[in-house]
Each structure stands twice: as C-alpha cells, then as structure tokens.
Amino acid sequence: MLNAAALSRETLARAFEQSVDCVKLISLDGCVLWMNPNGQCAMEVDDFSTVQGRRWASLWPVDAQDIIERSLSGASDGEVVRFDAFCPTAKGNPRWWNVSVSRVEDNDGKPSGFLSISRDITAAEKGRQALLLAAKEIQHRLGNTLAVVSALMIGFARGTPDREVFAKEMQKRLIALNSVQKLFSGDHPSCRVDTLMATLTAPFEGSNAPLTMGIVPPISIDRGQADAIALVIGELSVNSIKHGALGKSGTVHIDVVEENGTLKVQWIEKLDDAITARSREGGQGLSLIHDIVASRDGTLETEWQDAGLKVTVAFPIHVSA
C-alpha cells in the first residue's frame, strides 16, 4: 500500500517512470540524460540510445529550438517555464505538447540539471484549429452577406436622392462592421485596445446621436478580453439604436483608462428625453455579457441614471504594451 512512510527516493523515481507524460532529465548543458518509458512511447523512440546525450533543443523543429533554449535559461534562474509547441515524434508523426521546465538541485541546493514534463495535447490543438477554421468560414460568409446587403441597398436606392444618401451611410457602417469581424478573424494572442475601440465605434460615426470617445491608451490586451469588450460595445450599441441615444436623441461617450494595472472601459449614455423603462421583457443581452466578462476575469457594473445608462467594464491587464 502506498502511504507517506513509503515515499522513498526509489518510490518517487518509480512514479516518474510510470507517469503517462513524457518526463525527461536534462543536463546543465542542455543534453538529454533520461526519459521515462511512457515518454519514449509517446515520442515513438524505439531505442533511447538514439537520443541520449543529444541536445534537447536539437530534437525539436528549427522554429521551436529558440523556445527550448529560452526555457532552459529561464529555468536556470529558478523559474518554472511553461509553453505549448509543435514537435513531431521520432517517427515523424505530428504532435503538439504542453511543456514545463524546472531546475533540479542537488543535496547542497546547487543546480544539477533540469526536469522537463511534456503532455501530449494534440487532440485539443486539432480541436482548436478546427474551431479557428470554422470561425474563419463564418467570417467569410458574414462578409459576403454584408456585401450583398450593401449592394441591394445601393441598387434599391438608385435614382432617389434621399434614399441614396441613406444607403451610402448604411454602406459605410456595413463596411465598418465587416472590419470589426476581420479584426478577430486571426489567431492573434493580443490586440491593441486603441485599434479595437476605433474599429468597434466606426459603424456609429455620423449617427443622429453623436458618439464620442476620449483618448484611448495604446495598451495591448489578450484575445479573450478583446472579444469580451467587443461583445459589450456591440450589445450596448444595438440596445442604444433600438431604445436609446443612438436611435433617438442624446449622446454616448466612451472613456478608456488604465488605473493601477486595470483597464476600464466606460460607456456613458444620456438621452434628451426622460427614461421610461430600464429593462424589457425577454432582454437577456446584458446578463449574458456579464457572464462573458466574468469568465475573462473582468467585472461589469451597470448604473441607471436619470438621463441614461452608465456601464463600466474592468479587466486586469494581462499583456503589456
């Protein structure tokens, strides 16, 4: 029976051997000293002598070797370095790995090498890539739909001056909306918030209720937070067009500020007429985006005022400018 008293060095060594992950010991100069049997199986290494003593980085594709060297450098400074990278097996089969690298010390606390643990995440990576492809296809189809709608409006309005002016204004907004979609069509790890906000608000330039925005700091945020902010601004804009200042008369002002490592986006909407309703039956948009923002470690606060609505979204800044 396994118990605390039985946790000898031999038992712990045996546990490493039986790990389903690929466990390796790397020398101080970056060479492979040992690999557990399951790791050899995962990497399809039939004979460990073919990799023993070789530089660990040399076993990876050329474009990943710098990541390996930097992980060893970071681990030598006492960090636990984690990264995801592609590396085919010894037999050339494609694999994606989640890797951790940490320093190993001897009995005197001096560095004696490195411990690397690699987990096969190929199935998850293929699923992620499939979702990206599906998203790109949806973006492509949406772009085509917006182009068709734009062409139909221009054709319908041709010959009627008032309609032509309206159609051209709507065409500009449809083009701007398509630009927003393209901003999120790539697999980018971060997004500059000033570029994001300019793209999100472009469709509403020239509306009856002027939408203004303060100076936006050129801060980078991660992709998930950028997506959440886009959903918030989109939901508030649509609601405002249907029921508020962008569809009636009033003003909308957006402020974006950085305070003590927190990014705050504030939507301040004021109507010329008094507010008669603060919610509507079946309205679930704000509740949904509240949950989405929370899933990205953010907060969303809604404050109804006499003249309108004030919404504040806040995120910890994960990516530096």
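Residues numbered from 1 in each chain as written. Predicted model: local features only at pLDDT ≥ 70, side-chain atom pairs only at ≥ 80, totals over all residues. Heavy atoms only, no water.

### A closer look at the packing of aromatic side chains
Next, step 1: Across all of its chains, the model carries three aromatic pairs by this definition.
Next, step 2: Taken together, a centroid distance of 6.1 Å and an interplanar angle of 80° make the contact between W56 and W60 edge-to-face. A single burial state applies to W56 and to W60, both of which are buried.
Next, step 3: The structure contains a cluster of three or more aromatic residues connected by ring pairs, namely W56, W60 and F83. (Phe/Tyr/Trp six-rings, centres within 6.5 Å; stacked < 30°, edge-to-face > 60°. Buried < 20%, exposed > 50% of the residue type's maximum accessible area, 1.4 Å probe, protein only.)

### A look at helix α6 (residues 193–201)
Next, step 1: Where burial is concerned, most of α6 is hidden: seven out of the nine residues are buried.
Next, step 2: By the burial criterion, the buried members of α6 are V193, D194, L196, M197, T199, L200 and T201. (Helix = DSSP H or I, 4+ residues; strand = E, 2+ residues; numbered from the N terminus.)

### Some thoughts on the pattern of salt bridges
Next, step 1: On inspection of all chains with the given rule, the structure shows nine salt bridges.
Next, step 2: Between R55 and E69 there is a salt bridge; the shortest N-O distance is 3.0 Å. Here E69 lies in helix α3 (residues 62–76) and R55 lies in the loop between α2 (37–42) and α3, a separation of 14 residues in the sequence.
Next, step 3: Given a relative accessible area of 32%, E69 falls into the partly exposed group. (Salt bridge = Lys/Arg side-chain N within 4 Å of Asp/Glu carboxyl O.)

### Remarks on the environment of M197
Next, step 1: With respect to the helices, strands and loops of the structure, M197 is situated in helix α6.
Next, step 2: In this structure, the C-alpha to C-alpha distance between M197 and A230, residues 33 residues apart in sequence, is 8.2 Å.
Next, step 3: Discounting residues that sit within four places of it in the chain, M197 has contacts with M213, V216, I229, I233, I254, V256 and V265. (Contact = heavy atoms within 4.5 Å.)

### What about the packing of α6 against helix α7 (residues 223–243)?
Next, step 1: Contact geometry of α6 with α7 gives a least axis separation of 11 Å together with a crossing angle of 25°. Taken together, α6 and α7 sit at an angle that is classed as roughly parallel. Classified by chirality, the crossing of α7 by α6 is right-handed. For the pair α6 and α7, contact is made by L196, M197 and L200 and by A226, I229, A230 and I233, respectively.
Next, step 2: Split into classes, the residues belonging to the contact of α6 with α7 amount to seven nonpolar, no polar and no charged. (Axes fitted to C-alpha atoms, helices over the stretch in contact; angles between N-to-C directions. Parallel < 35°, antiparallel > 145°, perpendicular 65-115°, else oblique. Left-handed = near helix turned anticlockwise from the far one by under 90°. Nonpolar A, V, L, I, M, F, W, Y, C, P; charged D, E, K, R; others polar.)

### Examining the pairing of strand β10 (residues 262–271)
Looking along a regular strand, one sees the side chains alternate between the two faces of the sheet.
Next, step 1: Of the pairings in the sheet, the one linking strand β9 (residues 250–259) to β10 comprises 10 bridges and is antiparallel in character. Within β10, the position partnered with D255 by the bridge is Q266.
Next, step 2: Direction of pairing for β10 relative to strand β12 (residues 308–316): antiparallel, over a ladder of nine bridges. Bridge assignment links L263 to a residue of β12, and that residue is F315. (Pairing = 2+ DSSP bridges.)

### Focus: the sheet that holds strand β5 (residues 111–120)
Next, step 1: Strands sit in the order β2-β1-β5-β4-β3 across an open sheet of five strands; the sheet is antiparallel. For this open sheet the edge positions go to β2 (32–35) and β3 (81–86), each flanked by a neighbour on one side alone. The sheet shows a mean angle of 25° between the axes of neighbouring strands, direction not considered.
Next, step 2: Here five bridges tie strand β1 (residues 22–26) to β5, and the two strands are oriented antiparallel to one another. Counterpart to K24 in the pairing with β5 is S116.
Next, step 3: The strands touched by α3 within the sheet are β1, β3, β4 (96–105) and β5, with β3 carrying the most contacts at an inclination of about 170°.

### Concerning the nonpolar core
Next, step 1: Within the largest apolar cluster, 33 residues are counted, with the highest numbers of intra-cluster contacts made by M197, I229 and W267.
Next, step 2: Among the secondary structure elements, those contributing two or more residues to this core are α6, α7, β9, β10, α8 (285–295) and β12.
Next, step 3: Looking at which element gives the most residues to this core, the answer is α7, with seven residues.
Next, step 4: Apart from residues lying up to four places away in sequence, W267 is in contact with L211, I233, L236, S237, S240, L246, V252, H253, I254, L309, K310 and V311. (Core = buried A, V, L, I, M, F, W, Y, C linked by side-chain atoms within 4.5 Å.)

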